[in-house]
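What follows is each chain in one-letter form.
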Amino acid sequence: MGKSNSYLIKAKDGFILVDAGMPGKTERVIKVLREYDAELNDIKLIIITHVHNDHVGSLYDIKRKSNASVLVHEKEKNILEKGYNKFPDGTMFFSRMISSLANNVFFSQDQFIPVEVDIIIKDEFDLLDYGVDGRILHTPGHTEGSVSIIIEEKFCLTGDTLFNMFPNSVYPPFANDEEKLIESWKKLRENNCIKYYPGHGKDFGLKKFDKTIEKHIKK
Ligand SMILES: [Zn+2]
Ligand SMILES: [Zn+2]
């Protein structure tokens, strides 16, 4: 979906979409749905892992054309309805530079069309009503209202809480609160998921997650 990933989860009578990519990516979703003989209004729920424009860029358009409900953590409801978020803080030398440039020079970096929120969550949200054996967990750190999704206690969709763009680490280059991020990682790790689906980069296994945990938690 541009530089970020979106995911479709098969639900009862339709699909759940996780994140809505960069602006102008609605066609991409339509194309994938078509492979399952489905169309946009088969999307019943859109879960936003966190409100950054690479995850909500096409949300306004997809919501309008699908009529799906939009779910977001309560801490990010106002941001989504306002249409602007600050660029996140860098956690590494190069990403600190990018973050500082984005916030001070390119003010427009993290703007998007505001979207009205239908469902807000606090700590946890069960997806059983959508016919999915899964739940959403609050995993703050990258942003205050970041959430992750666990499916069948096996698969974990992490948004930018884990970030698979480097060969030996899944530590995100951007996070507003690194202490909270580590706490969220511990919470995710308790679930023993075998496969992780990040907001950026390809899916990866538990081994890579464990390697990064060791590096950052022992540090
Ligand atoms: Zn992000
Ligand atoms: Zn992102």
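Our subject is the structure that appears above.
Reading guide: rules and limits
Residues numbered from 1 in each chain as written. Chains lettered and ligands numbered in written order. Predicted model: local features only at pLDDT ≥ 70, side-chain atom pairs only at ≥ 80, totals over all residues. Heavy atoms only, no water. 1 Å grid on protein atoms, 1.4 Å probe; cavity = no way out; pocket = protein on both sides within 12 Å on 5 of 7 lines; lining within 4 Å. Points joined across faces, edges and corners; volume = space filled by probe spheres on them. Helix = DSSP H or I, 4+ residues; strand = E, 2+ residues; numbered from the N terminus. Nonpolar A, V, L, I, M, F, W, Y, C, P; charged D, E, K, R; others polar. Buried < 20%, exposed > 50% of the residue type's maximum accessible area, 1.4 Å probe, protein only. Pairing = 2+ DSSP bridges. Donors = N, O, S within 2.8 Å, 3.2 Å for Na, K, Ca; no water. Tetrahedral: all angles 85-135°; square planar, octahedral: opposite > 155°, others 65-115°. Axes fitted to C-alpha atoms, helices over the stretch in contact; angles between N-to-C directions. Contact = heavy atoms within 4.5 Å. Core = buried A, V, L, I, M, F, W, Y, C linked by side-chain atoms within 4.5 Å. Arc of directions from axis to C-beta.

1. Comments concerning the layout of surface pockets
One number sums up the size of the largest pocket: a volume of about 400 Å³. Along its surface, the largest pocket is lined by 18 residues, and S6, Y7, L8, R28 and V32 are the ones closest to its centre. Of all elements in the fold, only β1 (7-11), β2 (14-18) and α1 (26-34) reach the threshold of two or more residues within the lining of the largest pocket. When residues of the lining of the largest pocket are assigned to their parent elements, the largest contribution, four residues, is made by β1. A class-by-class count of the residues in the lining of the largest pocket yields nine nonpolar, four polar and five charged. For the second largest pocket, the calculated volume is near 270 Å³. Around the second largest pocket sit 15 residues that line it, and K3, D54, F87, F174 and H200 are the ones nearest its centre. Its residues assigned to classes, the lining of the second largest pocket comprises six nonpolar, five polar and four charged.

2. Details of the pairing of strand β8 (residues 147-151)
Counted residue by residue, β8 has five buried out of five residues, so it is predominantly covered. Covered by surrounding structure in β8 are V147, I149 and I151 together with S148 and I150, the residues of both alternating faces. Here β8 pairs with strand β9 (residues 155-159) via three bridges, running antiparallel. By the bridge assignment, I150 is partnered in β9 with C156.

3. Digging into the coordination of the zinc ion (ligand 2)
Taken together, the protein ligands of the zinc ion (ligand 2) are D54 (OD), H55 (NE2), D160 (OD) and H200 (NE2), with distances of 2.1 to 2.4 Å. Classification of the site at the zinc ion (ligand 2) rests on its four donor atoms, whose angles at the metal span 84 to 158 degrees, yielding the label irregular. As a motif over one chain, the donors of the zinc ion (ligand 2) read D-H-x104-D-x39-H. Between the zinc ion (ligand 2) and the zinc ion (ligand 1), a separation of 3.4 Å is found, and both are coordinated by D160. Of this pair, D54 sits in helix α2 (residues 53-56) while H200 sits in the loop between β10 (195-198) and β11 (204-205), and the two are 146 residues apart along the sequence. Using a relative accessible area of 6% as the deciding quantity, one classes H200 as buried.

4. Notes on the sheet that holds strand β6 (residues 124-126)
On the basis of which strands lie adjacent, the open sheet formed by six strands has the order β6-β7-β8-β9-β10-β11 and mixed pairing. On the outer flanks of this sheet lie β6 and β11, each paired with one strand and no other. Pairing analysis gives five bridges linking strand β7 (residues 134-138) to β8, with the strands arranged antiparallel. When the bridges of β8 are listed, G134 appears paired with I151.

5. Side note on the sheet that holds β2
Two orientations exist for strands paired in a sheet by backbone hydrogen bonds: parallel and antiparallel. The five strands are arranged β1-β2-β3-β4-β5 in an open sheet whose pairing can be described as mixed. The open sheet is flanked by β1 and β5 (119-121), the only strands paired with a single partner. Strand-to-strand twist of the sheet, defined as the mean angle between neighbouring strand axes without regard to direction, takes the value 20 degrees. Relative to strand β3 (residues 43-47), β2 is paired through four bridges, and the arrangement is parallel. For I16, the partnering residue across the bridge sits in β3 and is L45. Against the sheet, helix α3 (residues 59-66) makes contact with β2, β3 and β4 (69-73), and its axis sits at roughly 155 degrees relative to β3, the strand it touches most.

6. Things to note about the nonpolar core
Side chains that are nonpolar tend, in soluble globular proteins, to be buried together. I43, I46, I48, V51, L59, I62 and L80 are the most contacted members of the largest nonpolar core, which has 24 residues in total. Mapped onto this core, the elements with two or more residues apiece are β2, α1, β3, α3, β4 and α4 (77-82). Top element by residues in this core is α1. It accounts for three residues. The contacts of L80, once residues within four sequence positions are left out, are V51, V56, L59, V70, F112, P114, V115 and V117. In terms of nonpolar packing, the next biggest core, distinct from the first, is built from 18 residues, Y7, I9, V147 and L157 among them.

7. Some thoughts on α1
For α1, every residue scored as buried is listed here: T26, V29, I30 and L33. With its buried residues spanning 100 degrees around the axis, α1 presents them on a single face. Facing away from the buried side of α1 by more than 90 degrees, the exposed set consists of E27 and K31. Close packing links the buried residues of α1 with β1, β2, β3 and α3.

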